[in-house]
Amino acid sequence: MILSRQRPAASTLSGAKEKEPAKKQQKIPELEEFLQNRDYTGAITLLEFNKNANKPHKDADMWIGYCAFHLGDYKKALEVYNVLGKQKNYQQEALLNYACVCFYLGMYKESEEACKKNSKSPLQNRLLFHLSHKFNDEKQLLSYHQYLQDQFEDQMCLASIHYMRSHYQEAIDIYKRILLENRSFLALNVYVALCYYKLDYYDVSQEVLAVYLQSFPDSSIAVNLKACNHFKLYNGKAAEAELKHLRDVTSSGAFSFGSELIKHNLVVFRGGEGALQALPPLIDVIPEARLNLVIYYLRQDDLQEAYNLIKDHEPTGPQEYVIKAVVNAALGQAEGSREHLKISQQYFQLVGSSASECDTIHGRQCMASCFFLLKQFDDVLIYLNSIKTYFYNDDDFNFNYGQAKASSGNYKEAEEVLMRFVPCVRAFR
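Residues numbered from 1 in each chain as written. Predicted model: local features only at pLDDT ≥ 70, side-chain atom pairs only at ≥ 80, totals over all residues. Heavy atoms only, no water.

(A) Highlighting the overall build of the protein. For the protein, the count of helices and strands is 26 helices and 0 strands. With 429 residues in all, the protein has 38% of them scored as buried. Taking the intrachain contacts of the protein between residues at least 6 apart in sequence as the baseline, contacts between residues at least 24 apart amount to 40%. When the accessible area of the protein is evaluated, it comes to approximately 26,700 Å², of which 51% is carbon and sulfur surface. (Helix = DSSP H or I, 4+ residues; strand = E, 2+ residues; numbered from the N terminus. Buried < 20%, exposed > 50% of the residue type's maximum accessible area, 1.4 Å probe, protein only. Contact = heavy atoms within 4.5 Å. Areas by Shrake-Rupley, 256 points an atom, 1.4 Å probe, with all protein chains shown as cover.)

(B) Up close: the environment of Asp301. Structurally, Asp301 is set in the loop between helix 18 (287-299) and helix 19 (303-310). Measuring from C-alpha to C-alpha, the distance between Asp301 and Ala330 comes to 9.2 Å, with 29 residues separating the pair along the chain.

(C) Region of interest: the packing of aromatic side chains. Evaluated as defined, the whole model comprises 20 aromatic pairs. Taken together, a centroid distance of 5.4 Å and an interplanar angle of 40° make the contact between Phe397 and Tyr401 tilted. Taken together, the positions of Phe397 and Tyr401, both in helix 24 (residues 395-407) and 4 residues apart, correspond to about one turn of that helix. On the accessibility criterion, Phe397 (6% relative accessible area) is buried. (Phe/Tyr/Trp six-rings, centres within 6.5 Å; stacked < 30°, edge-to-face > 60°.)

(D) Quick look at the side chain of Ser111. Along the chain, Ser111 falls in helix 6 (residues 108-116). Discounting chain neighbours no more than four positions away, the residues touching Ser111 are Ala99, Cys102, Phe103, Leu127 and Leu131.

(E) Region of the structure containing the pattern of salt bridges. Applying the stated criterion across every chain, the model contains 11 salt bridges. For Lys116, the salt bridge is made with Glu112, and the minimal N-O distance between the two is 3.4 Å. Note that Lys116 and Glu112 are positioned in helix 6 at a spacing of 4 residues, about one turn of the helix. Classification of Lys116 by relative accessible area gives exposed; the value is 51%. (Salt bridge = Lys/Arg side-chain N within 4 Å of Asp/Glu carboxyl O.)

(F) Representation of the confidence of the model for the protein in the model. Looking at the protein, the pLDDT average stands at 88 and 90% of residues meet or exceed 70. Here residues 1-18 is a poorly scored stretch, pLDDT under 50, and it has 2 contacts once near neighbours within four places are set aside; other chains count. (pLDDT = per-residue confidence, 0-100.)

(G) Molecular detail of the packing of helix 3 (residues 60-71) against helix 4 (residues 74-84). Two numbers describe how helix 3 lies on helix 4: the axes approach to 8 Å, and their chain directions differ by 155°. With respect to their mutual orientation, helix 3 and helix 4 come out roughly antiparallel. Helix 4 is crossed by helix 3, and the crossing has left-handed handedness. Mapping the contact onto sequence places Asp61, Met62, Ile64, Gly65, Tyr66, Ala68 and Phe69 in helix 3 and Tyr74, Lys76, Ala77, Val80, Tyr81 and Leu84 in helix 4. Of the residues contributing to the contact of helix 3 with helix 4, the split by class is 10 nonpolar, 1 polar and 2 charged. (Axes fitted to C-alpha atoms, helices over the stretch in contact; angles between N-to-C directions. Parallel < 35°, antiparallel > 145°, perpendicular 65-115°, else oblique. Left-handed = near helix turned anticlockwise from the far one by under 90°. Nonpolar A, V, L, I, M, F, W, Y, C, P; charged D, E, K, R; others polar.)

(H) Layout of the state of the cysteines. Considering all chains together, one arrives at 0 disulfides under this definition. In this model Cys100 remains outside any disulfide bridge; the closest cysteine sulfur is found in Cys115, 7.2 Å from its own. Unpaired in terms of disulfides, Cys102 finds its nearest cysteine sulfur in Cys100, a separation of 9.3 Å. Residue Cys102 is classed as buried on the basis of its relative accessible area of 0%. (Disulfide = S-S within 2.5 Å.)

(I) Molecular detail of unusual backbone geometry. Although it is not a glycine, Arg38 adopts a positive phi angle of roughly 60°. For Arg38, the position within the fold is in the loop between helix 1 (31-36) and helix 2 (40-52). Backbone geometry at Ser166 places phi at a positive 65°, although glycine is not the residue there.

(J) Summary view of the nonpolar core. If you look at the biggest cluster of nonpolar residues, it comprises 48 residues, and the most contacted ones within it are Leu127, Phe129, Tyr175, Leu209, Leu243 and Phe269. Not counting residues up to four positions away in its chain, the partners in contact with Phe269 are Ala227, Cys228, Phe231, Gly236, Ala239, Glu240 and Leu243. If you look at the next biggest cluster of nonpolar residues, it comprises 24 residues, including Ile44, Cys67, Phe69 and Tyr81. (Core = buried A, V, L, I, M, F, W, Y, C linked by side-chain atoms within 4.5 Å.)

(K) Inspection of the packing of helix 4 against helix 5 (residues 91-104) at higher detail. Across the interface, helix 4 lies against helix 5 with an axial gap of 8 Å and an inter-helix angle of 155°. Accordingly, the angle class assigned to the pair helix 4 and helix 5 is roughly antiparallel. Crossing of helix 4 against helix 5: the hand is left-handed. In this structure, helix 4 contributes Tyr74, Ala77, Leu78, Tyr81, Asn82 and Leu84 to the contact, and helix 5 contributes Gln91, Ala94, Asn97, Tyr98, Val101, Cys102 and Tyr104.

Listed below in structure tokens is the structure:
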């Protein structure tokens, strides 16, 4: 057996060709390279390997916590920062990071306690600003708002609060201003696309999102948003096809970030299939999970379960108010409860008359529903007439529109509208 050499021996034959040099041994990537490539699994593997080999990287545990956080492994990050928070060298930074992880886990009280133990800093102020929003504490929210500065991190924080309060245009304005100053901040395109999605501009959302996906086609958040746009523009099958690659990656265990979001959205894309298995564990993880489970119960005519799930939930946006209104309307009509019907009417009116929704299709539907419950059918028709072109072949709309026409004495027009309602057409055949 011939042993390999570090270098090839020089040829002693006259005119003979020199042998090609041996291939260089592949170099193990440095930590910075893993981080730059967003390979947090590789970074943790390197950090833990060197740590076990008694060659720990400087601030190894802090980096392990950082990588675990970005992988979505918040439990591991929490454990790491909890230990580091008891060490004098890392106490302040680790405590604040611990507070951030608690926030992501929905442990808002624990996050606030840890945050307030820390000395004042821009990050602490931003976190307390978000916690005030979670606690619905307007006074504290305004208090922390005044300490925000005209710098990137603070403006991003402000934009996210605008987004969560359904002030989507205000958020877009901030993101676009930052993008004009920093063209390389490609991820901001995802945030802009999210806002356009919420404003029902799905085509615009797709165009903006494409800018980011050209550079990062494997982004779980961006691909998931693209799938949601496809769901709105086309159908559930088209949306599910967009998620195929992400499903394969998350199911292999190589990447767990966004796995809950994918599980949740697949239920929606499949029309509620698997809702009882997937959604209950996600109620406290993904805000929409509770709402979609309520919708599932409504479609199954299980009104009591839908009501139990939503009755103690405080709405924070138009969709939540509408769903709560629908549940109360359905239960009120089924049980003949005036109290439920009154609550429903008030929620519909609140959404329909709000500045952000009054000129939207959903807002006008809400006002029509409000007057429907009040049996003021002339007012119902004012709102339904303004949006009828968008729902010409929609059975639900035509049924309600026909009822409103008949209740206001327009029987001929009611008959014409109801003939577009598929079950009626079948009955007359």
